[in-house]
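# Structural overview for review
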Amino acid sequence: MDLPPPLSAADKNSFAYPTIKERLPVILAKIADTLYRTRDKIKSQYQEDVSEELKSIIGSCSKLRNEVQTNKVAVPLQDSRNDTQVWNRYLQAATEREGSPPSWFKSAWLYMECYMYRRIQESVEKCNIMKEFDVFGEQKEKSFTDSVYPTEIVMMHLLETQQKIKENAELVPEAFKLFLKVCLWGNKCDLSISGGEDNAQTSSPLEQLDKLEPNILINDSDEVLNHLRSRKCERIDIVLDNAGFELISDLCFAEFLLSAGLCSTIYLHAKAFPWFVSDVTKKDFDWTLQMLGQINHIAVSSFAQLWKERLNNNTWILQVDDFWTLPYDYSQMETYAPDLYQSLQKSDMIFFKGDLNYRKLLGDLKWPFTSSFETCLRGFYPAPLCVLRTSKSDVLVGLPEGRDEEVMAQDKDWLVNGNWGVINACLKTK
């Protein structure tokens, strides 16, 4: 099969161009500004003097910002993290393939953007004392605290729903679709898209669902539910995206799946290090449960306790794999992360959350909008899968002929503003 070319900032009409030209430099500047502004608070968290390490991280991010803005070439990583050689081999292969080293405004957007976040992590990995520091930590914590009100609403609704479906199982389909949609629209809260500016969920997400219904471009929720109910599902996987309210929506969906008897175990997949500003790490996950336990609200505090118990009794299993933060797209998983692929093959359904997972599923290639989702997966199919994604980049497939033009007439930024979403499944039998 002849594949379309990758999205790249070389195309000034693509979202890749403003991303590389404006958004990425803003994210790097915000790291430097935040670390400088909060330097005294950061220093107080360590028993040893971290002034030089803090200065080094700020300097590295400022240098990287200049490299992006002046279209410098990608250079090998120089830290000792266990994935360093994988990244450097990828760079070498890309250099050989392109005939020169990849650069910001010429090469594949997906690779260059992932490379930026790995370079940010390199500045932390080179530290001795601050090696576990999260340069996006303050932004993620603020996103959570700004979303307490909608968190309380959704968790209260979950508590009430659990009681109702105990009394009447016929309510399961409607409740499934509601929590699936909360999970979808929770993906609007993405700090990498807003350049790290506040982007928390502050109003009631339940009240927004009806208004947003016409904005679901592909909705395979009936097919997904039928699939789950047509077999005895043991395991469902959720590949997480953002911390903050989106993580809350994911956990509520995970809890619903268990309480509705749709599966017996949930595997949750987090990132190995801070990634795309707001992606969930294990540290974020643990911190979120801790914070939920401190909120004085009947539903929130009871679920916080229950979810800690789920992690202990393995009805929830949190996993971290380096593959999620490598430059490969998912069609390469079986080759470069065979253990992860084999583990996912044991799943009855994999839910992929968010824009980056969608881009990696489709290779971030310039597919026609009418391309079939299954074709664009290019052979990646460890198990039945469903992607819940609000659109924040140019790649989108599975639309009927002419639908893109209809939506474009309503909203010229429809592909990139996060106001349009897909619940897109591939459920073929192996």
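Residues numbered from 1 in each chain as written. Predicted model: local features only at pLDDT ≥ 70, side-chain atom pairs only at ≥ 80, totals over all residues. Heavy atoms only, no water.

Looking up the chain in an unreviewed UniProt entry gives the name Sugar phosphate phosphatase, with the organism given as Mytilus edulis. Turning to the chain, the UniProt annotation filed under Sequence similarities (unreviewed entry) states: "Belongs to the damage-control phosphatase family. Sugar phosphate phosphatase III subfamily." (UniProt positions renumbered as here; feature names shortened; annotations may be inferred.)

### What to know about the nonpolar core
For soluble globular proteins, nonpolar side chains are generally found buried alongside one another. Among the nonpolar cores identified, the biggest contains 85 residues, and I120, M333, F352 and L362 are the most heavily contacted of them. Ranked by residue count, the leading element in this core is helix α5 (residues 109-125), at 10 residues. Apart from the residues lying within four places of it in its own chain, the contact partners of L362 are W367, F373, C376, L377, R378, V395 and V397. Formed by 59 residues, the second largest nonpolar core is a distinct cluster that contains I236, L240, A260 and I266. (Core = buried A, V, L, I, M, F, W, Y, C linked by side-chain atoms within 4.5 Å. Buried < 20%, exposed > 50% of the residue type's maximum accessible area, 1.4 Å probe, protein only. Helix = DSSP H or I, 4+ residues; strand = E, 2+ residues; numbered from the N terminus. Contact = heavy atoms within 4.5 Å.)

### Digging into the pairing of strand β3 (residues 265-270)
Side-chain direction in a regular strand flips from residue to residue, so the side chains alternate between the two faces of the sheet. Across the six residues of β3, six count as buried, placing the element largely inside the fold. Relative to β3, strand β2 (residues 235-239) runs parallel, the two being bridged by five bridges. Counted as the bridge partner of R235 is T265 from β3. Regarding the hand of the β-α-β motif, the stretch spanning β2, helix α11 (residues 245-259) and β3 is right-handed. Pairing of β3 with strand β4 (residues 316-320), which is carried by five bridges, proceeds in the parallel orientation. Bridge pairing links Y267 to I317 in β4. (Pairing = 2+ DSSP bridges. Right-handed = clockwise from strand over helix to strand, strands pointing away.)

### Looking at the pattern of salt bridges
All chains considered together, the criterion is met by 32 salt bridges. Between E138 and R37 there is a salt bridge whose closest N-O contact spans 3.2 Å. Taken as a pair, E138 in helix α6 (residues 137-145) and R37 in helix α1 (residues 16-37) lie far apart in primary sequence, 101 residues in all. For E138, a relative accessible area of 32% puts it in the partly exposed group. A residue is classified by how much of its surface remains accessible, and R37, at 54% relative accessible area, is exposed. When salt bridges with common partners are traced through the structure, they connect D79, R81, D83, R118, E125 and D322 into a single cluster. (Salt bridge = Lys/Arg side-chain N within 4 Å of Asp/Glu carboxyl O.)

### Describing helix α9 (residues 205-212)
In an α-helix, one full turn covers 3.6 residues, which means residues spaced three or four apart are oriented alike. Listed in full, the buried residues belonging to α9 are P205, Q208, L209 and L212. Buried residues of α9, seen end-on, are gathered within an arc of 120° and therefore sit on one face of the element. Seen from the buried face of α9, the exposed residues on the opposite side, beyond 90 degrees, are E207, D210 and K211. Those residues of α9 that are buried are in contact with α7 (148-167), α8 (172-185), β1 (216-219) and α11. (Arc of directions from axis to C-beta.)

### What about the packing of α8 against α11?
Axis angle and axis distance: for two packed helices, these are the angle between their axes and the distance between the axes, and together they describe the pair. With their axes 8 Å apart at the nearest point, α8 and α11 run at an angle of 160° to one another. Relative to α11, the element α8 lies roughly antiparallel. Once α8 is placed against α11, the crossing between them reads as left-handed. Judged by residue contacts, V172, A175, F176, F179, L180, V182 and C183 of α8 engage F245, S249, D250, C252, F253, F256 and L257 from α11. By residue class, the composition of the contact of α8 with α11 is 12 nonpolar, one polar and one charged. (Axes fitted to C-alpha atoms, helices over the stretch in contact; angles between N-to-C directions. Parallel < 35°, antiparallel > 145°, perpendicular 65-115°, else oblique. Left-handed = near helix turned anticlockwise from the far one by under 90°. Nonpolar A, V, L, I, M, F, W, Y, C, P; charged D, E, K, R; others polar.)

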